[in-house]
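# Report on the structure
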Amino acid sequence: MHVMKIRLAIMGSGSGTNCQSIFQAIDDGRLNAHVTTVLSDNPEAFILERAKRRGVPTSLLDCQGFKNKFPENVQEALAKQLRELGVDFICLAGFMRLVKSPLLEAFPKRILNIHPALLPAFPGVEAWKQALDAGVKQTGCTVHYVDAGMDTGEIIMQAFVPVLPGDTPEALHARIQIQEHILYPAAIQSATARL
Ligand code: GAR
């Protein structure tokens, strides 16, 4: 039986350990997908290097000097590029800009994100630090569909991580990342299996 491979684009701004976990899940047969392209807004991001080592084509998103904004015209050009490549789903993996229309309109319910907290708790940046500062006993990570809000889209899957006595932000984030690397490929497989 021929099973169609889902075509993924991965977008990240940093180290790309989640991107690496997606590659690993594909190689292990846990995720029936092909990574068509990896994109970053940061020329220094190690996620680009990981993609190059695997032979996956990369692109740099030129955000025209804006620190946080993801300019509309850049999103429009990106939507066109990804449609031409036949991309089915976009996976945000540590991508630190807010996606809005026209990318959302070009890929309705086809953009996923991983967030390092149990949404709806602690949206936004450094969510592990927010959890530590709030004194919760448990946090985790969430994979969700991306909508126009900040980390507000429909939840697909979550994993729980205890906050331990004496935890530092770094130690807690590292334990959350271990769970992210299991959760994200599983959630992508589940969300894309409906195609
Ligand atoms: C991950 O912990 C991810 O959940 C988080 O950035 C890290 C990226 O790590 N994303 C956000 O905070 C999004 N608001 P990685 O580059 O090693 O995958």
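Our structure is the block above this text.
I will try to describe carefully the structure that is included in this document. (Residues numbered from 1 in each chain as written. Predicted model: local features only at pLDDT ≥ 70, side-chain atom pairs only at ≥ 80, totals over all residues. Heavy atoms only, no water.)

## Describing the packing of helix α5 (residues 127-134) against helix α6 (residues 169-192)
Relative orientation of the contacting elements α5 and α6 amounts to 120 degrees, with a least axis distance of 9 Å. Accordingly, the angle class assigned to the pair α5 and α6 is oblique. Of the two possible hands of crossing, α5 and α6 adopt the one that is right-handed. Note on element contacts: α6 touches α5 through P169, L172, H173 and I176, opposite W128, K129 and L132. Of the residues belonging to the contact of α5 with α6, the class tally is 5 nonpolar, 1 polar and 1 charged. (Axes fitted to C-alpha atoms, helices over the stretch in contact; angles between N-to-C directions. Helix = DSSP H or I, 4+ residues; strand = E, 2+ residues; numbered from the N terminus. Parallel < 35°, antiparallel > 145°, perpendicular 65-115°, else oblique. Left-handed = near helix turned anticlockwise from the far one by under 90°. Contact = heavy atoms within 4.5 Å. Nonpolar A, V, L, I, M, F, W, Y, C, P; charged D, E, K, R; others polar.)

## Describing the layout of surface pockets
Roughly 730 Å³ of internal volume is contained in the largest pocket. As for the largest pocket, its lining consists of 34 residues, and the residues nearest its centre are G94, F95, M96, N113 and I114. Residues of the lining of the largest pocket, tallied by class, amount to 13 nonpolar, 16 polar and 5 charged. (1 Å grid on protein atoms, 1.4 Å probe; cavity = no way out; pocket = protein on both sides within 12 Å on 5 of 7 lines; lining within 4 Å. Points joined across faces, edges and corners; volume = space filled by probe spheres on them.)

## Quick look at the environment of R30
Relative to the assigned elements, R30 resides in the loop between α1 (17-28) and β2 (33-40). Given the relative accessible area of 42%, R30 is considered partly exposed. Separated by 156 residues in the primary sequence, R30 and A186 place their C-alpha atoms 7.4 Å from one another. Excluding anything up to four places from it in sequence, R30 contacts Q24, A25, P185 and Q189. (Buried < 20%, exposed > 50% of the residue type's maximum accessible area, 1.4 Å probe, protein only.)

## Examining the sheet that holds β2
Consider a sheet: its strands pair through backbone hydrogen bonds, and that pairing is either parallel or antiparallel. Taken in spatial order, the 7 strands line up as β3-β2-β1-β4-β5-β6-β7 in an open sheet, and their pairing is mixed. Only two strands of the sheet have a single neighbouring strand rather than two, namely β3 (58-60) and β7 (155-162). The average undirected angle you get between the axes of adjacent strands in this sheet is 20 degrees. Relative to β7, strand β6 (residues 138-145) runs antiparallel, the two sharing 7 bridges. Paired with C141 across the bridge in β7 is A159. Along the sheet, helix α3 (residues 72-84) contacts β1 (6-11), β2, β3 and β4 (89-92); its crossing angle with β2, the most-contacted strand, is approximately 155 degrees. (Pairing = 2+ DSSP bridges.)

None of the figures reported here should be taken as evidence of function without further support.
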